[in-house]
Amino acid sequence: GLEEQILAMVVNVEKPELEQQKQDLVRKQNEFKVVLSRLEDELLSQLTEANPATILDNLPLIEGLEKTKATSKEIAQQVASAQNTEVEINYSRELYRPVAAEGSILF
């Protein structure tokens, strides 16, 4: 709500690099979701088009599965790292919470 908006404004003035890092992190997490969704869609498409009798011999499908698995693992590692970074950022932002609370009371 209002307190969160004021908190973002205060942090942006006091520590702009911290607020930028927070915004970059949110953007990156959204990109991860989009990539995973696209990979899932491609994989499902390949599976529906595959002939069940020759599915184990379908090299493009197997390569697609491997690519999806590798990308998914990489994204999972990046998400874990991003979550740790987010905890650190939120802790630093919370130091300014009293200022944001006072500001929201004034409005």
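For the structure itself, look to the data block above.
Here goes a summary of the coordinates provided. Since the model is a prediction, treat every value here as computed from it, not as a measurement. (Residues numbered from 1 in each chain as written. Predicted model: local features only at pLDDT ≥ 70, side-chain atom pairs only at ≥ 80, totals over all residues. Heavy atoms only, no water.)

**Some words on the overall build of the protein**
Operational definition: The helix count covers DSSP runs of H or I at least four residues long, the strand count covers runs of E at least two residues long, and both are numbered beginning at the N terminus. This radius of gyration counts C-alpha atoms alone. The globule rule is 2.2 Å times how many residues there are, raised to the power 0.38. Only protein chains enter the accessibility calculation, which uses a 1.4 Å probe; a residue is then buried when its area is under 20% of its type maximum, exposed when over 50%, and partly exposed in between. Residue contacts follow a heavy-atom distance rule, with two residues in contact if any of their heavy atoms lie within 4.5 Å.
Across its full length, the protein holds 4 helices and 0 strands. Since a compact globule built from 107 residues should have a radius of gyration of about 13 Å, the 21 Å found for the protein marks it as more spread out than a globular shape. Taking the principal axes of the C-alpha coordinates as reference, the protein spans close to 70 × 25 × 15 Å. Out of the 107 residues belonging to the protein, those deemed buried represent 23%. Long-range contacts, defined here as pairs at least 24 residues apart, represent 76% of the contacts in the protein between residues at least 6 apart.

**Things to note about the side chain of Arg-97**
We apply this condition: Definition of a polar contact: a pair of N or O atoms within 3.5 Å, with one able to donate and the other able to accept a hydrogen when the atoms are protein atoms, and with sequence-neighbouring residues admitted only if both atoms are side-chain atoms.
Its place among the elements puts Arg-97 in helix H4 (residues 97–106). Owing to a relative accessible area of 18%, Arg-97 belongs among the buried residues under this scheme. Looking at Arg-97, its side chain comes within polar contact range of the side chain of Glu-94, at 2.7 Å. If sequence neighbours within four positions are ignored, Arg-97 has contacts with Glu-3, Glu-4 and Leu-7.

**Considerations on the environment of Glu-31**
Its location among the elements puts Glu-31 in helix H2 (residues 16–49). Taking the C-alpha atoms as reference, Glu-31 lies 10.0 Å from Ile-75; in sequence the two are 44 residues apart.

**Quick word on the side chain of Thr-68**
Assignment of secondary structure puts Thr-68 in helix H3 (residues 59–94). On the accessibility criterion, Thr-68 (16% relative accessible area) is buried.

**Observations concerning a nonpolar patch on the surface**
Definition in use: Only residues whose relative accessible area exceeds 30% and that take part in no salt bridge are eligible for patches, with like-charged residues grouped when within 9 Å of each other and nonpolar side chains (Val, Leu, Ile, Met, Phe, Trp, Tyr) grouped when within 5 Å. For accessible areas, the Shrake-Rupley method is used with a probe of radius 1.4 Å. Any residue's cover is judged against the shown protein chains and nothing else. Salt bridge, as applied in this entry: a Lys or Arg side-chain nitrogen positioned within 4 Å of an Asp or Glu carboxyl oxygen.
On the surface, a nonpolar cluster with roughly 390 Å² of combined accessible area is contributed by Leu-44, Leu-47, Ile-55 and Leu-56. Here Leu-47 shows up in helix H2. Looking at Leu-47, the relative accessible area reads 36%, which means it is partly exposed.

**Observations concerning the environment of Glu-88**
Residue placement: Glu-88 occurs in helix H3. Along the chain, Glu-88 and Leu-59 lie 29 residues apart, while their C-alpha atoms are 44 Å from each other.

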